[in-house]
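Results of the structural survey
These are the residues of each chain, in order.
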Amino acid sequence: AASASPWLKFWHKQLLQVRSWPPSCLICLDIIFKTLEAMYRVCLPIFATLALIVQGDDDVDFQDTPLLSSLWEATNGGNNDALDRLLDSSPSALNLRSSDGRGLAWWGFEFQNVYALGAVIAYGGDILSAEEDLQGQTAVTMCTENSDCNKDNLIEKAKELSEDIKKRKEERAKAKEAEDADVDGDDDAADDEF
């Protein structure tokens, strides 16, 4: 358990040393400081845990993984079916970042892949996020620093395409649910036979 804060102990000691206080005030002060000390011991671990949780949201681990390599390959190669499969099976892939701090949105702009950018939007990501890679570049910077890339056109097409991607994503999810229900139903029927 955490010990009481040094300043709390200091003031407790200082106030109890005042001889002109009536005994009832000293008792009250002692109770107040012991209560504050107990609250400190209880609250400190809670606040420390909350600080770690909040910090964890902002602190993304940058490391290369097979999933990120597959996303990079699908984005670079324009393999939309692979992107769909990867994002359907791992929706958290939107937030993953490679060792250089880049992820799907960066690669979408780098390779001018409208489908990849539309998928980021459809899966709830923000292609215009202010997050930066290790070189301090946002995803959209991959396009704005390339004279062959028309940022506004790319973003407009990605937003339009995102609605279709979202619709097909929902259709795949419904089909998977129906398939899973059929498999579960087949198991129940097999159990009924015995």
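I will try to describe carefully the structure that is included in this document. This one's a predicted model, so the numbers in the text were calculated from it and none came from an experiment.

Core analysis: the largest hydrophobic core is formed by 31 residues, its most contacted members being Leu71, Leu83, Leu87, Leu104, Phe109 and Tyr123. Elements that contribute at least two residues to this core include exactly helix 3 (66-77), helix 4 (80-89), helix 5 (104-110), helix 6 (114-122), helix 7 (141-144) and helix 8 (151-192). Looking at which element gives the most residues to this core, the answer is helix 6, with six residues. For phenylalanine 109, the residues in contact, after removing those within four places along its chain, are Leu117, Ile127, Leu128, Ala139, Val140, Met142, Cys143, Cys149, Leu154 and Ile155.

Let's shift gears to the packing of aromatic side chains. Pairs of aromatic rings are described using the distance from one ring centre to the other and the angle between the two planes. Applying the stated criterion across every chain yields a total of one aromatic pair. Lying over the aromatic face of tyrosine 123, lysine 169 brings its terminal NZ or CZ to 4.6 Å of the ring centre.

The next thing to look at is the packing of helix 3 against helix 4. Geometry of a packed helix pair, given as the angle between the helix axes and the separation of the axes. One can describe the packing of helix 3 onto helix 4 by two numbers: an axis separation of 8 Å at closest approach and a directional angle of 155°. Viewed along their axes, helix 3 and helix 4 adopt a mutual orientation that is roughly antiparallel. Of the two elements, helix 3 crosses helix 4, and the hand of that crossing is left-handed. The residues of helix 4 that touch helix 3, namely those facing Leu67, Ser70, Leu71, Ala74 and Thr75, are Ala82, Leu83, Leu86 and Leu87. When grouped by side-chain class, the residues that make up the contact of helix 3 with helix 4 number seven nonpolar, two polar and no charged.

All right, on to helix 6 then. Every α-helical turn comprises 3.6 residues, leaving residues that sit three or four positions apart pointing alike. Burial within helix 6 is extensive, with seven of its nine residues counted as buried. For helix 6, the full list of buried residues reads Tyr115, Ala116, Leu117, Gly118, Ala119, Val120 and Ala122. At the N-terminal boundary of helix 6, the capping side chain belongs to asparagine 113, with an oxygen 3.0 Å from the backbone nitrogen of tyrosine 115. Once helix 6 finishes, glycine 124 follows within two positions and takes phi at roughly 95°, a positive value.

Side chains of Ile32, Leu36 and Met39 sit close together on the surface and give an oily, nonpolar patch of about 260 Å² of accessible area. When you line up the elements, methionine 39 lands in helix 2 (residues 23-58).

One pass over the full model with this rule turns up one disulfide. Covalently, cysteine 143 is tied to cysteine 149 through a disulfide, its sulfur atoms 1.9 Å apart. Given an S-S torsion of about -100°, the disulfide between cysteine 143 and cysteine 149 has left-handed geometry.

Analysis parameters
In this convention, every chain numbers its residues from 1, walking through the sequence in written order. Only residues with pLDDT of at least 70 are given local features in this predicted model, and only at 80 or more are side-chain atom pairs given and counted; all residues enter the totals for whole chains, interfaces and linings. Side-chain measures were taken over the full set of non-hydrogen atoms in the model, leaving aside hydrogen atoms and water. The definition of a nonpolar core used throughout is a set of buried Ala, Val, Leu, Ile, Met, Phe, Trp, Tyr and Cys residues joined through side-chain atoms within 4.5 Å. Working definition: with a 1.4 Å probe on protein chains only, accessible area under 20% of the residue-type maximum means buried, over 50% means exposed, and in between means partly exposed. Numbered from the N terminus, helices here are DSSP runs of H or I no shorter than four residues, and strands are runs of E no shorter than two. Here a residue-residue contact requires only that any non-hydrogen atoms of the pair lie within 4.5 Å. Two rings belonging to Phe, Tyr or Trp (six-membered ring only in the last case) form a pair when the distance between their centres is within 6.5 Å. Interplanar angles under 30 degrees mark stacking, angles over 60 mark edge-to-face geometry, and anything in between is tilted. Criterion for a charge above a ring: Arg CZ or Lys NZ at most 6 Å from the ring centre, at most 35 degrees from the ring normal. Each axis is a line fitted through C-alpha atoms, taken for helices only over the stretch in contact, and angles between the N-to-C directions span 0 to 180 degrees. Roughly parallel refers to an angle under 35 degrees, roughly antiparallel to one over 145, roughly perpendicular to one between 65 and 115, and oblique to any angle outside these ranges. For any pair of crossing helices, the crossing counts as left-handed if the nearer helix is rotated counterclockwise from the farther one by less than a right angle, and right-handed if it is rotated clockwise. Classes in brief: Ala, Val, Leu, Ile, Met, Phe, Trp, Tyr, Cys and Pro nonpolar; Asp, Glu, Lys and Arg charged; the others, Gly included, polar. For the purposes of these results, a polar contact is taken to be a pair of N or O atoms within 3.5 Å, where, inside protein, one atom must be able to donate a hydrogen and its partner to accept one; residues adjacent in sequence count only when each atom of the pair is a side-chain atom. Patch building starts from residues that exceed 30% relative accessible area and form no salt bridge, then joins like charges within 9 Å and nonpolar side chains (Val, Leu, Ile, Met, Phe, Trp, Tyr) within 5 Å. The Shrake-Rupley method, run with a 1.4 Å probe sphere, supplies the accessible areas, and residue values consider only the shown protein chains as cover. Here, a salt bridge means any Lys or Arg side-chain nitrogen found within 4 Å of an Asp or Glu carboxyl oxygen. Disulfide assignment relies on a single distance test, namely cysteine sulfur atoms paired within 2.5 Å.

No statement about biological role is implied by the geometric values presented.
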